[in-house]
Every structure is written in structure tokens, then in C-alpha cells.
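Residues per chain are reported as follows:
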Amino acid sequence: MLAMLEVRDLHAHYGRAHILQGVTLEAREGEVLALLGRNGAGKSTTMKSVMGLVRPSSGQVRFSGEEVAGREPFEIARRGIGYVPEERRIFAELSVMENLEVGRMPARGGTPPWTPERVFALFPSLGAMRARAGGRMSGGEQQMLTIGRTLMGNPRLILLDEPSEGLAPVIIERMAAAILALKRDGMTVLLSEQNLHFARLVSDRACVLEKGAIRWEGRMKALMADEAVRAQYLTV
Amino acid sequence: MLENLLVQGLSGLASASSLFLVASGLTVIFGVTRIVNFAHGSLYMLGAYLAWTLVTSLPRGHLGFWGGVAMAALIVGCVGVLIEVLLLRRIYKAPELFQLLATFGVVLIVQDLALLSWGPQDLLGPRAPGLRGATEILGIRFPLYELFLICVGPVVLALLWLLFNRTRWGTLVRAATADREMVGALGVNQRMLFTTVFFLGSVLAGLGGALQIPRESVNLQMDLAVISEAFVVVVVGGLGSLPGAFLAALLIGELQAFGILIFPRITLVLAFLVMAVVLVIRPHGLLGRAPSTAHGATAIEPPYPPPSPWVRRIGAAALALAVIVPPFLGDYALIVFTEIAIMVLFAASLHFIMGPGGMASFGHAAYFGFGAYGAALLLRHFGAPMEMGLLAAPFAAGLGGFVFGFFCVRLSGVYAAMLTLAFAQIAWSTAFQWVELTGGDNGILGVWPSPWAQSKLAYYYLALTLCAAATLLLRRAIFAPFGYALRAGRDSPLRAEAIGIDGFRIRWFAFVLAAVAAGIAGGLFAYAKGSVFPTYMSISRSVDALLMVLLGGVRTVSGPILGALAYTWLHEQLMRAFDLWRLFLGTIILALVLFFPQGLAGALQRGERRS
Amino acid sequence: MTLEVRDLHKSFGGVRAVSGVSLSVAAGELLALIGPNGAGKSTCFNMLNGQLRPDRGSVRLRGQEITGLAPRRIWRMGVGRTFQITATFASMSVLENVQMALLSHARRLFHIWNPVAKEDPSRALALLDRVGMSAQAARPCGVLAYGDLKRVELAIALANDPALLLMDEPTAGMAPAERVALMELTAHIAREGGIAVLFTEHDMDVVFAHADRLLVLDRGRPIAEGIPSEVRRDPRVREVYLGTGATHGYT
């Protein structure tokens, strides 16, 4: 399979803190890659650096073979990377339809373009509240909207930052179903997660981050079978 | 009588329309960039001057006039783009008030550039072709041009509403208002978006100015005159709300028009009275909403480290110099030194509520003025000596702070700042217009110190003693539980309330303390000058205080002291040396904003840490 | 009973957010309030801590009526709080954050002369010691790791010797291991000090491991209450909230 996203030896700092200390990973076309690790291990920073929201201090980020490190976030988004932030960041005063409109970008050749109707087919509950202001939706509905908004940009890779955080278990199950549906359509997904049960349901492979570097990489099934690795990096 | 009312009502509508044009641009720019753009009035003035030049040099006729007006508005739009790209874009992440300081620098520069280009005299523009005459409405003659202006307001409102609610551009702008970074991550070039917003806002300002040339003369005072009114309209309407701004413009335009008939003296302050009433009743303006905490916008305030030995030594050395050197100085230098001591206290008092309290005040001069008038009125009406006057000063100011503060500290952000401004303007116009009590514009003269303090040197020492003591007391309070409680309310109102801190009472007391300190400064200033004038409470003195605090650095405890020293000295030197001192001061302010975004004290602190 | 809540109601613009919620928490007991997003947990919580005034119903703390009091008054009566998104004073050190709560408790906030730095830090340090944060006492709160901030909040909440702790999603945003550690600490402190704890939570590992009892809300109404093993089997709870268990491992 082709590498859709290649990150090589990525370093990033917040002020003086050296958050990413040489992250190297590869997301292949059409797979769901889970990025696991403790809080503060660098999962969100890795995603923000790929997206250009944090300027990497060194290293490479290649998307479909093209170097994007150091570019502005909007340029990276226009090349086909979609970003779904952990805090959702819905535009509270805008309606569901308007939130989707902000995310809209021209279709890319080859795949059918995302439309509001297609988003509503994926998340039926959103379709019943098209005119509702984003700020008046529950946490679960907002999480669906933020994913829908990103899909409207017709990305080829989406970065999902902890989509299960703060959601009720039944809603998390719906998220899992949606991610699997996207994968069936050929979407590549980089998923940052704390909830191992959830990650296991949707991911093909996993990378484990610890102190700003990848410490383990392999098939999700292998990770679930490897008690020692899980104990070392994911639990106490 | 009825006819008279009709005419007043119509001309009220016409001024409401003009006011709305300027205010709409201001509110659009604020809504998106969160920048309180003082330079908006300068853009308005530029629009008027450019329109005058274009219309008088283009061939007469419809094309010459309307073409000139349109070109002027577009050129002003381009000037706005220049300001945004060269200046504001670099400081979007700076604290709100620092951006305000930057736009104030632009105001100063534009003032002198306009003086250089168009000269000091008032310029009269030609009438608008086709709209020269008057028409009869219910038997009364009413100028056509005014009728035209009445229509412009609603048309612009409707167009802007469509633009913001029915176009993709508008949707993107509203989204960017809430969360710029996220809009960028969704593939929108938000820098360009901001620039276009600034262009639109500037065009509206320029258009507002250009359309004034058939109505009134073009002059160098237009910028500040219009900016204060426009701010009032924007705040009364609710920051960022276009319909709100329109409603507020109507309200203020009409009240002005009828106010003149009923109580002519009130016109100076009417707008501010309206603003005070509206903000007391509706803390976010007529149609404004409580701001949702925008993402990444709230910067984490740095801690106040206790003064390092290095800072202590410098401070002690400066104080020693201030004590030892003056006997060897001449009278002029002593006057400047006295003024600097007073300004240090004035700045420190403002910093007390701005820094630890997190409340900006655009009207701190009111308490300075209360102090000065407290002393002077006691002298004028009861013949009280200086000693009593200096006691009365903090008392009067404290009382003012007690009453005004009660309302101001309930509000937050720009609204709170604007309410302080409104109260200050009310105080100022009372001093200006209650001639029987205050002598009005002529002020109160003969406010001289007691015999023992008559020499410049003795008075300097008196001022130094009182100012240094009060400043040090404020500093102590910052590091005491009270200062911490004040900062607690600023850092996290939620957490402060959850551990039993009554934020309102804490802020109120801080406001009174700051007013008392400003009152001491004002009282000392009155005896230093020998007179008291309404200008002691004017906007420009409030702005002086703001500049001193921001220049020094609002996030450090020593900032205001440094800022007052630098600003008073700089101001004095530039005014003496150059005719175009505004140009220089403005340039220096811009340089500071761009290169020392933490203020002077912040820059020094960093230098110290690095070494 | 430390906390007794009877028949709380709250509507926003005609929409019923909470209707008919009653609950009680005993000293040393941990009660978890769970339910789907938008079920009214936060509204319920905010009526207990004073941020919202209930339309109807009563809240009693150790027999005293606290319904509708301001949050700061409720705090003085012995209710400590932690927030879903931590709220601390970022410009102060960890120690100073705790000291503020102590100064407020001693009603010394209006003192303007003696510096805070000269205060005796021993009580604040003891509180930080209880949550394992005394080693970081001098660091500014603005630079702490999120898990550590949560611990500081807990220390602040304990400064008032509370009878009741209200914790709104105490482990939100934390890694699984940290979650368990924080809740173990909370449970330990609560049982040791006889403190009643009411918390909302979405992490079922935390809920099932540490709550003594659960109360499940859906659309503003209580739909189930009881010990974890019972509630887990309740078909309605599974339908509206727990799901199949595929995402939390409790089936």
C-alpha cells in the first residue's frame, strides 16, 4: 500500500518544552492508524504539527509525496488533510448548515464530493437540526458536526483527535460505526485515542507515543495481544 | 412648533445615518479582529480630506462629485489594508490593549500627516450636484442632501446584513470571528479574510467621511470627535452587532436632535449619558451578547515575581537620585520632576485596576480631576488651605470611585472600559458647563500651595513624598492578600467564586483605592499648576495614563513607574523640540508596540532573565 | 445524610432541562451521576453548586437549606468543587492557589499590608501533600501538566474542610492511568475524612470502579438508581447510555 502520510523525525517545542522528540510514522492509504499514548505524550501536538497549527522545529511531513511541513494550515487543508480537533471547536453562533459551509472545499477528482446530504446520511441526527445553532447542541451532536464539517472539505486523510472524549458510550459506538463507514469509502484516518476499547474497534494498526517519540508500532491485534507493551506505555 | 419638531426629527435621522456609516465599519472590524481600532476616526477624517481634494480637482458635475466620493472611500480602504498588513497583522496575538495603543499611534501619525498635506485651516466642500436644493415636507423646507443621507443608513445596513448572512464570505467571516485558527484549519486563508474585512470597514469609514463634505467643514479635529461618538454607538448597540449599531445610532441621533431643544447644555454629554444608562441596564449593549470565550484568545497572565535584588537596587538608586539631585536643579527642571512624580502615581493607580484587576479604564482622569477639583473647590468656596485641600482630594476622588465603580466593576472588557469613559465624560462636562460652581472653561485659578511649600523645591519634595508613599502602598497591596484576591478574580472568576471570593466587592474596593491614589495625584497637580481646568478630566488625560501603563508594561508591577517616567519625559522633549511631535510620538509608539510587545519593564525583565 | 436533594426542576425557555431529580449522598459515599450528553447532568450540578437557581425543589446540606444561594455562600457552608475544565489561578504558584482558599476561609482577603509570601505555608503544604503535589508547590499553575492541575484543584477543594465534594467530570481529559490514580486518591480522602462525593463522569472504568452508587439521568429525568452491578444490567440504561459495552468493556 502507498504511504499517504509520512512523518520523519519530527520535532516540536512549546516555548522551552521539547514536546515532539523525533516522531516518525506512516499512515497508508485507506487504513485507520491509531495514535496511542498517555496524556502529554505528544498525540495532539503530532496532529497539530502535521496540520501546521504548531510549527515543527525540524523534521519532515510528506503528504502524498509532497513536503508540507512549515506550510500554513489552510494550505495543508487545501491539499487534502482534514483536522478534527479534540475540543470540537464548533462555531457556536452558526447553524449546522453554516458550520458545514465553512468546511466546504472544491471536490477532488475521483471521489464523489461531500455534500450536507451525504453528511446527514452518515449522521442522521444532524439532518433533523439543520438550522440549530452549534452552541445549542449536545456534546455528541457537536462531535458529529465537527467531523461532518471537516468531511465537507473532501479530505483524503483525516486527523481525528480523541473523538470519544467526554461522550456517552452509546454515542461512542455510533462514532465507531461512522469511522468504519468512512474507511469503507477509502478514507485514510489518523486517530488519536485514550479509549483503547474504542481504538481497537476501528483501527488497523497502532503507534504508541511516549515522551514525544514512537515507542511501538504494529498491528492493532498484536497490541491487544501484547500485555507487556500495553502495561508499559498505556496503563500505570 | 410641530414643524420644528419634524425638522429636528429629520435632521436627527440624517446624523444617525452618518453616525451609523462610521460605527458600522468600526463594529465590523471589532467583531472579527477584536481590535478596538482608535484609528477608525482617522480613516474617517482621511475620507473627508481625500474627497475634498478629489471633488474640488475633478471636473464639476455628477461624475466629479460622486466619483470623487467613491474614489476617496476606496483609497481609504487601501490605507486600511496597509495598516492591517503592516501593523495589526503582527500584533493580533498581543493583548487587546496593546493593539489599542498601536492604533492610537496611527491616530497621532495621521493627524500630523493631514496637517502637513492639507494645512491647519478648515476646508469647505462643494454641495452635491442634484441634491443642492431643498424640498417641502408638510410645508417645511428640508435640505435634499439630508434626505439622501437618511436613506443611506438603512441601505447600507441592508447590504451589510445580506453580505454577512447570505454569502459564503459572510459565513466565513462570522466563523472566523469565533475561532480564527479553526477556520484556517478548514482550508480558509484567514489572513486574506481579515484583510478584506479591514478593507470593508475602512471603506465604510472613508465613505462616512467623504459624505460629510457637503454638510460640514473638513478639519483636523474630525477624527477624535467622530471616534468617541462612533465608539458610543458601537458599545450601546452591542459590540459586533450591526443592527444594534443602527438602533443605537438612531437613538443617539434623535436624542441629540431633541436634546438641543430641551436642554442645550446637555448635548456635549448626552451620548455618554445614554451609554452609561444602557450599560448599567444591559451590560452587553442593546443587542450584544455575552462574549463566548474564544479559543486561544485568552492569554495566560504571567506571575508577578517579587522584585529581584537587581530591581530593588535600581529602584532605590532612582529614589535616592530623586532626593539628592533636585537642590542642584533650576525651577524648570523642578517643575518637570514634580510632574513626573505625580504622573508616576497616576499611572500606578491606573495599573492597579488594569494589571492585577484586569479591568481597563478609559476614564481614569475623572478621579485625577475629582482630586484636583476637590482641593480647588474647597479653596474657592471655603478658602481652605493646601493641607486641607490635599486631604480633600483623595476623599473626593474616592467618593467618585465609590459611586462610579459600583457600576463599572460589574462589567467586563471593552464594556467596562467604555462605561468608565462615559462617567469620565459626564464628570468632565459637569466641570465644563456648571460654570457657577467650577468656573467652567476658565477653571479655578490661584490654587497655590501654603507658604512653606511655595518654593518649587519644597513643593517637589512634598509631591515626591506623597507620591512615593502612595505608589509603594499600592505595590504592597498587590503582593498582599488583597492584590492576590484581585488577581484571582481576573485569572478565573469561576474558581474565585468557588472559594468564597466576592469578586464584585474586591474589584469595587480596588477601584476605590485606585481612585483615591489618582485623587492624591490630582490634588498635588492642582497646587503644582496653581489652577484647575476641565481638561484635567478630559479623554486625552485618560489616554495619557493608559499610554504610560501600556508603555511600561501592564503585566509587570514596575511597568507603570517606568512608563510614566518615559512618557512624561518623551512628551515634554518632543513637544519642545518639534512642531510635528505627534508624528514622532506616534512613530515611537508603533516601534515600541512592534519591538517591545511586553512594554519597557517586560523587555527589561526578559533581558535580565537572559543574562 | 450529608446532601439531600428533593424534586429539582429547571427549564430554559420552555425546554425542561431537569425535572424531578432527587438524590442523597451520605458521608464518605461516592455517588456518580451519569447519563447521555445533554441529559441534564450539568444543569443538575449547577443547581447544587449555586450557579443556577432551581425553578422548584430543595437542596439541603447537613440539614441546612442551601437552595439558590450564591456559589461563594455554598462554599462557606462546606462544599468544595472541581471543574470539568480545570479552573485555577494561572498567574499564581501551586502553593499560592491553595493559600488563596485558606485566606478566603480565614476572611483575610481585604488585608493590604502583609505580603502573601510571608504567610505560614504549612497548612497549604499539608493539603498539597495529601494530593501528592507538595514537590511542585513553587511552580506556577499555568505550566502544570493537566493531571497535576486536577490534583491541585482537589487540594483547593479540600482547603475548606468540606462536608461535600462536587466534581464535574473529574477525569475528563486525562489518560486512563491518571484517571484511576486520581479517583483512587479521591475515594481514599473521602472515606478517610467522611466527605460525601457527588461526581459526573463518562469513563465507565472510573464509574464502575469507584462509585458506591449510580444515578442515571435521561432527558432531565432519573431513569435508574442503585449499586453499579444492578444499574449495569438495567435494559433502559443500556439502551440510552451504556450501549453494547463494546467501547468500555463492561457488558
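Residues numbered from 1 in each chain as written. Chains lettered and ligands numbered in written order. Predicted model: local features only at pLDDT ≥ 70, side-chain atom pairs only at ≥ 80, totals over all residues. Heavy atoms only, no water.

Q: What is the right way to look at the overall build of chain A in this model?
A: The number of helices and strands found in chain A is 10 helices and 10 strands. At 17 Å, chain A has a C-alpha radius of gyration in line with the 18 Å of a compact globule built from 236 residues. Taken along its principal axes, the extent of the C-alpha atoms in chain A is 45 × 35 × 35 Å. Here chain A has roughly 9,100 Å² of accessible surface; of this, 50% comes from carbon and sulfur atoms. (Helix = DSSP H or I, 4+ residues; strand = E, 2+ residues; numbered from the N terminus. Rg over C-alpha atoms; globule rule 2.2 N^0.38 Å. Areas by Shrake-Rupley, 256 points an atom, 1.4 Å probe, with all protein chains shown as cover.)

Q: I tried to follow the interface of chain A and chain B on my own but got confused; where do I start?
A: Interfaces are often sized by the amount of accessible area the parts lose when they come together. Listed by partner, the interface residues are 21 residues for chain A and 18 residues for chain B. Note on chain A versus chain B: buried area summed over both sides is about 1,900 Å², and carbon and sulfur give 59% of it. Of all residues in chain A, Arg-89, Phe-91 and Val-102 of chain A give up the largest surface area on contact with chain B, accounting jointly for 31% of the area buried on that side. At the boundary of chain A with chain B, the tally comes to four salt bridges. Here Glu-181 of chain B and Arg-89 of chain A are joined by a salt bridge, their closest N and O atoms 2.8 Å apart. Taken together, the links from chain A to chain B amount to seven residue pairs in polar contact (both at pLDDT 80 or more). Of all the secondary structure elements, the ones that give two or more residues to the side of chain A that touches chain B are helix H2 (73-79), helix H3 (96-103) and helix H6 (139-151) of chain A. Here the residues of the side of chain A that touches chain B sort into 11 nonpolar, two polar and eight charged. (Contact = heavy atoms within 4.5 Å. Buried area = accessible area lost by both parts, 1.4 Å probe. Salt bridge = Lys/Arg side-chain N within 4 Å of Asp/Glu carboxyl O. Polar contact = N/O pair within 3.5 Å; in protein donor to acceptor, adjacent residues only side chain to side chain. Nonpolar A, V, L, I, M, F, W, Y, C, P; charged D, E, K, R; others polar.)

Q: Is there a simple way to think about empty space enclosed by the protein in this case?
A: One way to see where empty space is left: roll a probe the size of a water molecule over the atoms. Residues and elements named next belong to chain B. Applying the stated criterion to the full structure yields six cavities of 30 Å³ or more. The space that makes up the largest cavity amounts to roughly 70 Å³. Considering the residues around the largest cavity, the lining is formed by Pro-95, Phe-98, Leu-550, Gly-553, Val-554, Arg-555, Pro-597 and Gln-598. Here the lining of the largest cavity is composed, by residue class, of five nonpolar, two polar and one charged. (1 Å grid on protein atoms, 1.4 Å probe; cavity = no way out; pocket = protein on both sides within 12 Å on 5 of 7 lines; lining within 4 Å. Points joined across faces, edges and corners; volume = space filled by probe spheres on them.)

Q: Any chance you could explain a nonpolar patch on the surface here in plain terms?
A: Residues and elements named next belong to chain B. Where nonpolar side chains cluster on the molecular surface, the patch consists of Met-1, Leu-2, Leu-5, Ile-260, Leu-261, Ile-262 and Phe-263 and spans about 770 Å² of accessible area. Those elements that place two or more of their residues in the nonpolar patch are helix H1 (2-33) and helix H10 (242-262). No other element matches the three residues that H10 contributes to the nonpolar patch. Mapping Ile-260 onto the fold places it in helix H10. (Patch = residues over 30% accessible without salt bridge, like charges linked within 9 Å, V, L, I, M, F, W, Y side chains within 5 Å.)

Q: How do you make sense of the sheet that holds strand S3 (residues 30-34) of chain C when you look at a structure like this?
A: Strand pairing in a sheet takes place through backbone hydrogen bonds and is either antiparallel or parallel in direction. Residues and elements named next belong to chain C. One open sheet holds the six strands; their spatial order is S6-S7-S8-S3-S9-S10, and the pairing between them is mixed. For this open sheet the edge positions go to strand S6 (79-82) and strand S10 (221-226), each flanked by a neighbour on one side alone. Strand-to-strand twist across the sheet, computed as the mean angle between neighbouring axes with direction ignored, equals 15°. Strands in contact with helix H5 (residues 146-158) are S6 and strand S7 (164-168); relative to S6, the strand with the most contacts, it is inclined by about 170°. With respect to the sheet, helix H9 (residues 235-242) is in contact with S3, strand S9 (213-218) and S10, its orientation differing from that of S10 by roughly 120°. (Pairing = 2+ DSSP bridges. Axes fitted to C-alpha atoms, helices over the stretch in contact; angles between N-to-C directions.)

Q: Would you explain the environment of Pro-303 of chain B in this entry?
A: Checked against the element boundaries, Pro-303 of chain B lands in the loop between helix H11 (267-281) and helix H12 (309-324). Take Pro-303 of chain B: its relative accessible area is 37%, and that puts it in the partly exposed class. The spatial distance from the C-alpha of Pro-303 of chain B to the C-alpha of Arg-555 of chain B is 8.5 Å, given a sequence separation of 252 residues. With residues up to four places along the chain from it excluded, the contact list for Pro-303 of chain B reads Arg-487 of chain B together with Ser-91 and Pro-140 of chain C. (Buried < 20%, exposed > 50% of the residue type's maximum accessible area, 1.4 Å probe, protein only.)

Q: Would you take a moment to explain the interface of chain C and chain B for this structure?
A: Between chain C and chain B, the residue contacts involve 33 residues of the former and 31 residues of the latter. At the junction of chain C and chain B, the tally comes to three salt bridges. Among the salt bridges present, the one from Glu-153 of chain C reaches Arg-495 of chain B, with a minimum N-O distance of 2.8 Å. Connecting chain C to chain B are 17 residue pairs in polar contact (both at pLDDT 80 or more). Counting residues per element, the ones that place at least two in the side of chain C that touches chain B are helix H2 (71-76), S6, helix H3 (94-105) and H5 of chain C.

Q: Got a minute to help me understand the sheet that holds strand S3 (residues 32-37) of chain A in this structure?
A: Residues and elements named next belong to chain A. In spatial order, the strands read S6-S7-S8-S3-S9-S10; together these six strands make up an open sheet with mixed pairing. Strands at the two margins of the open sheet, each flanked by one partner only, are strand S6 (81-84) and strand S10 (213-219). Strand-to-strand, the axes of this sheet are offset by a mean angle of 15°, without reference to chain direction. This element, H6, spans S6 and strand S7 (157-161) of the sheet and lies at about 165° to S6.

Q: What should I look at first to understand the packing of aromatic side chains in this one?
A: Residues and elements named next belong to chain B. In total, this model carries 33 aromatic pairs over all chains according to the counting rule given. When the centroid spacing of 5.4 Å and the interplanar angle of 55° are considered together, the rings of Tyr-460 and Tyr-461 count as tilted. By relative accessible area, which is 1% here, Tyr-460 ends up buried. Arranged with centres 4.2 Å apart and planes meeting at 15°, the rings of Phe-578 and Phe-584 form a pair that is stacked. For Phe-578, a relative accessible area of 36% translates into the label partly exposed. Members of the aromatic cluster, joined through ring pairs, are Tyr-367, Phe-370, Phe-402, Phe-404, Phe-406, Phe-407, Phe-423, Phe-504, Trp-508 and Phe-511. The side chain of Arg-410 reaches across the aromatic face of Phe-504, ending 4.4 Å from its centre. (Phe/Tyr/Trp six-rings, centres within 6.5 Å; stacked < 30°, edge-to-face > 60°. Lys NZ or Arg CZ within 6 Å of the ring centre and 35° of its normal.)

Q: Explanation requested: helix H4 (residues 96-118) of chain B in the structure shown.
A: Here H4 of chain B is 23 residues long and its end C-alpha atoms lie 33 Å apart, about the 33 Å a rise of 1.5 Å per residue gives. With its phi angle positive at about 80°, Gly-119 of chain B sits one or two positions after the end of H4 of chain B. (Expected span 1.5 Å × (residues − 1).)

Q: Even after reading the chapter, I still don't get the packing of H6 of chain A against helix H7 (residues 169-184) of chain A, so can you show me in this structure?
A: Each pair of packed helices can be described by the angle between their axes along with the distance between the axes. Residue and element names in this part refer to chain A. Put simply, H6 and H7 touch, their axes get as near as 10 Å, and they point 15° apart. Regarding the angle of H6 to H7, the classification is roughly parallel. Considering the relative orientation of H6 and H7, their crossing is right-handed. When H6 is examined against H7, the residues Gly-140, Gln-143, Met-144, Ile-147 and Leu-151 are found in contact with a partner set consisting of Ile-171, Arg-174, Met-175 and Leu-182. Looking at the contact of H6 with H7 residue by residue, the class counts come to six nonpolar, two polar and one charged. (Parallel < 35°, antiparallel > 145°, perpendicular 65-115°, else oblique. Left-handed = near helix turned anticlockwise from the far one by under 90°.)

Q: Could you clarify how one ought to interpret the environment of Ala-41 of chain A in this entry?
A: Residue and element names in this part refer to chain A. Positionally, Ala-41 belongs in the loop between S3 and helix H1 (43-51). Along the primary structure Ala-41 and Leu-94 are separated by 53 residues, whereas in three dimensions their C-alpha atoms are 34 Å apart. Other than its neighbours up to four places away in sequence, Ala-41 contacts Leu-209, Glu-210, Lys-211 and Gly-212.

Q: Explain the pattern of salt bridges here, please?
A: When charged atoms on two side chains of opposite charge get close, those side chains can pair. Residues and elements named next belong to chain B. Following the criterion strictly, the structure yields 37 salt bridges over all chains and no others. A salt bridge links Lys-529 to Glu-339; the shortest N-O distance between them is 3.3 Å. Remark: Glu-339 occurs in helix H13 (residues 331-354) and Lys-529 occurs in helix H21 (residues 503-529); sequence separation between them is 190 residues. Owing to a relative accessible area of 37%, Lys-529 belongs among the partly exposed residues under this scheme. Here Glu-339 falls in the buried class, since its relative accessible area comes to 19%.

Q: Please explain unusual backbone geometry as it appears in this structure.
A: Note on backbone geometry: most residues besides glycine have negative phi, and most peptide bonds are trans. All names here are of chain A. One non-glycine residue, Glu-162, lies in positive phi territory at about 45°. With respect to the secondary-structure elements, Glu-162 resides in the loop between S7 and H7. The buried category is assigned to Glu-162, whose relative accessible area is 4%. Even without being a glycine, Lys-211 presents a positive backbone phi close to 50°.

Q: Teacher, can you tell me more about the domain arrangement of chain B here?
A: All names here are of chain B. Per the domain assignment, the segments making up chain B are domain 1 (22-220) and domain 2 (334-539). Computed from C-alpha atoms alone, the centre-to-centre distance between domain 1 and domain 2 is 36 Å. Counting residues at the interface gives five residues for domain 1 and four residues for domain 2. The dominant element in the side of domain 1 that touches domain 2, judged by the number of residues it contributes, is H4, at three residues. Its residues placed into classes, the side of domain 1 that touches domain 2 shows four nonpolar, no polar and one charged. (Domains from an automatic or database assignment.)

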